[in-house]
Structure formats: structure tokens, C-alpha cells
Amino acid sequence: QVQLVESGGGLVQAGGSLRVSCAASGRTFSGYTMAWFRQAPGKEREFVAHINWSIGSTYYADSVKGRFTISRDNAKNTVDLQMNTLKPEDTAVYYCAAKGKFLLTYDYWGQGTQVTVSS
């Protein structure tokens, strides 16, 4: 059974940094795309970044490009999101997600971790 467990959220001042992590278990994620999404209060969930587990290629939403970095550690089975120069509008619940090779939708989701950026 696939499990994605996020950790590392918290409260930070604008301009600060925070790192959230996703521990993945339950299968081999070779070929999978791992992603971070976020959902702010009253807003729809939005894509933040993704990474291909096997080759490490990445893609970012325009709103976070240049500030956030997604990475994975194959040995630890974790996917991290390093967030720098945080803004109040980055405040949201951050979710880790995974989808299999060639699939269009994300099959697996974590429970989320709260990130709050104060102004």
C-alpha cells in the first residue's frame, strides 16, 4: 500500500525559508512523477512542482520558479521541497502526490502539511 507522509511545515516570516519533505513507501517509484501541490483557504488546489523519480527532471509553476526547488533522495525514498524567499501568498496546505508512468492523474496523495508565511 502506497503511503506519502509530509513533514516540515510551520510558520515563517516573509522572506524566510522552509523545507517540506515527503516520505514515500509501499512500492518502487521508478518511473513515477512526484509532485507538490498546495491549497490556500478558499482557493482550489494548485500545482507547485514535480520531479521524475528516475531521471530527476523537474518542472515548476511560474509563481514559484526561482524560489522553490524540488529534489528527491532515492536512497531515503523522500521528495523534498526547499522554499526560499517565501511570501504571504505561499501560505497553504502543501500536499505530496505521485502518479505512475504514462498516467495523467495523480493516484496517491499525502495528508498535507501547513505552511504559514507571516507578513
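See the structure shown above.
Residues numbered from 1 in each chain as written. Predicted model: local features only at pLDDT ≥ 70, side-chain atom pairs only at ≥ 80, totals over all residues. Heavy atoms only, no water.

1. Notes on the side chain of aspartate 80
Looking at the secondary structure, you find aspartate 80 in strand 8 (residues 78-83). Classification of aspartate 80 as buried rests on a relative accessible area of 13%. A polar side-chain atom of aspartate 80 sits 3.1 Å from a polar atom in the side chain of arginine 19. A polar atom in the side chain of aspartate 80 sits 2.7 Å from the side chain of serine 21. Beyond its immediate sequence surroundings of up to four residues, aspartate 80 is in contact with Arg19, Val20, Ser21, Cys22, Trp36, Thr69, Ile70 and Ser71. (Helix = DSSP H or I, 4+ residues; strand = E, 2+ residues; numbered from the N terminus. Buried < 20%, exposed > 50% of the residue type's maximum accessible area, 1.4 Å probe, protein only. Polar contact = N/O pair within 3.5 Å; in protein donor to acceptor, adjacent residues only side chain to side chain. Contact = heavy atoms within 4.5 Å.)

2. Regarding the sheet that holds strand 7 (residues 68-73)
Spatially, 4 strands are ordered 1-3-8-7 in an open sheet, and the strand pairing comes out antiparallel. Each edge of the sheet is formed by a strand with only one pairing partner; in this case those strands are strand 1 (3-7) and strand 7. Averaged over all neighbouring strand pairs, the angle between strand axes comes to 15°, with direction disregarded. Pairing between strand 7 and strand 8: 6 bridges, direction antiparallel. By the bridge assignment for strand 8, isoleucine 70 is matched with leucine 81. (Pairing = 2+ DSSP bridges. Axes fitted to C-alpha atoms, helices over the stretch in contact; angles between N-to-C directions.)

3. Looking at the state of the cysteines
Counted according to the given criterion, the structure contains 1 disulfide. Across the disulfide from cysteine 22 sits cysteine 96; the S-S distance is 2.1 Å. Because the torsion about its S-S bond is -75°, the bridge between cysteine 22 and cysteine 96 counts as left-handed. Taken together, the residues cysteine 22 in strand 3 (residues 18-25) and cysteine 96 in strand 9 (residues 92-99) connect sequence positions 74 residues apart. (Disulfide = S-S within 2.5 Å.)

4. What about the environment of arginine 45?
Within the element layout of this structure, arginine 45 appears in the loop between strand 4 (33-39) and strand 5 (46-52). Not counting the four nearest positions on each side in its chain, arginine 45 is found in contact with Phe37, Arg38, Gln39, Tyr95 and Trp109.

5. A short note on unusual backbone geometry
Look at asparagine 77: it is not a glycine, yet its phi comes out positive at around 60°. Residue position: asparagine 77 is located in the loop between strand 7 and strand 8. Relative accessible area serves as the criterion here: at 23%, asparagine 77 is assigned to the partly exposed category. Even without a glycine there, the phi angle at phenylalanine 102 is positive, about 75°.

6. Considering the pattern of salt bridges
All told, the structure shown has 5 salt bridges when counted by the stated rule. Arginine 38 is paired through a salt bridge with aspartate 90; the nearest N and O atoms lie 2.9 Å apart. On the criterion of sequence distance, the pair formed by arginine 38 in strand 4 and aspartate 90 in the loop between strand 8 and strand 9 is long-range, its members being 52 residues apart. As far as the burial class goes, arginine 38 and aspartate 90 line up, both buried. Lysine 65 is the salt-bridge partner of aspartate 62, the closest N and O atoms lying 3.1 Å from each other. Taking relative accessible area as the criterion, lysine 65 reaches 49% and is therefore assigned partly exposed. Bridged by salt links that share partners, the residues Arg38, Glu46, Arg67 and Asp90 form one connected network. (Salt bridge = Lys/Arg side-chain N within 4 Å of Asp/Glu carboxyl O.)

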